[in-house]
Amino acid sequence: RSSGPGPRRIFRLLLERKYLESKTVWDLSMVPKKDANDLLCRMFKQQLIHMQEVPRSADHKAQHTFFLWFVDLKRVCRLLSDEMFRSLAFLLQKREEKRLECEDFLGVGGEVADLTAPQLKKYQALEAAGEKLNAAILRLDETLMVVRDATALEEREEQRWRNV
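This report concerns the structure included in the present document. Every value quoted in this text rests on a predicted model; they were computed, and no experiment measured them.

Side note on the sheet that holds strand β3 (residues 65–70)
Strands belonging to one sheet form pairs held by backbone hydrogen bonds; the direction of such a pair is parallel or antiparallel. Strands sit in the order β1-β3-β2 across an open sheet of 3 strands; the sheet is antiparallel. A single partner strand is all that each edge strand has here, and the edge strands are β1 (20–21) and β2 (50–55). Summarising the sheet, β2 and β3 pair through 6 bridges and their orientation is antiparallel. Opposite M51, over in β3, you have W69 as the bridge partner.

Some words on the packing of helix α1 (residues 5–17) against helix α2 (residues 22–29)
A pair of packed helices can be characterised by two numbers: the angle between their axes and the separation between those axes. Closest axis-to-axis distance for the α1/α2 pair is 10 Å, and the angle between their directions is 115°. Where α1 crosses over α2, the handedness of that crossing is right-handed. Across the interface between the two elements, R9, I10, L13, L14 and R17 from α1 touch V25, L28 and S29 from α2. For the contact of α1 with α2, the residue count by class is 5 nonpolar, 1 polar and 2 charged.

Details of the pairing of β3
Pairing between β1 and β3: 2 bridges, direction antiparallel. Across the sheet, the residue bridging to L20 is W69, located in β3.

Quick word on the pattern of salt bridges
Enumeration over the complete set of coordinates arrives at 7 salt bridges. Between E103 and R99 there is a salt bridge; the shortest N-O distance is 2.3 Å. Within this pair, E103 and its partner R99 are both found in helix α4 (residues 73–106), separated by 4 residues, close to a single helical turn. Taking the relative accessible area as the measure of exposure, R99 reaches 38% and is therefore partly exposed.

What counts, and where the lines are drawn
Residues numbered from 1 in each chain as written. Predicted model: local features only at pLDDT ≥ 70, side-chain atom pairs only at ≥ 80, totals over all residues. Heavy atoms only, no water. Pairing = 2+ DSSP bridges. Helix = DSSP H or I, 4+ residues; strand = E, 2+ residues; numbered from the N terminus. Axes fitted to C-alpha atoms, helices over the stretch in contact; angles between N-to-C directions. Left-handed = near helix turned anticlockwise from the far one by under 90°. Contact = heavy atoms within 4.5 Å. Nonpolar A, V, L, I, M, F, W, Y, C, P; charged D, E, K, R; others polar. Salt bridge = Lys/Arg side-chain N within 4 Å of Asp/Glu carboxyl O. Buried < 20%, exposed > 50% of the residue type's maximum accessible area, 1.4 Å probe, protein only.

Structure (structure tokens):
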């Protein structure tokens, strides 16, 4: 994903100002033209930002058209939610693998007390990895709730403006 101060600055700028031409993005974001164009294209490919064509004339020629960048926050939130759900599924799968490894390590009816020192060390490492996965799952779940709440809030706000 795009990260760093440049992409964040461009994203926030587009959120605040809604629709901007490339030149305005370069000027206001204080990102060099070459870097800004590269960042805009990468963010566009990742579907974090979108482009709207506004023709100046009826012929729709490229040289007679404005190309405006914008952020569709609902779509970005859905994209992030989908990506977080995939990550959550991956973490849950890894946690289950670690749990099964721990069970296999002990065997049927085995006890931790029966393990030798090297085996105990490996078993504890597996348990620690499982705990780290649990913590990551909980953090991701919490973040997912925040994103979904923000999406719902944005939808309610949009609905309120339609009703005014």
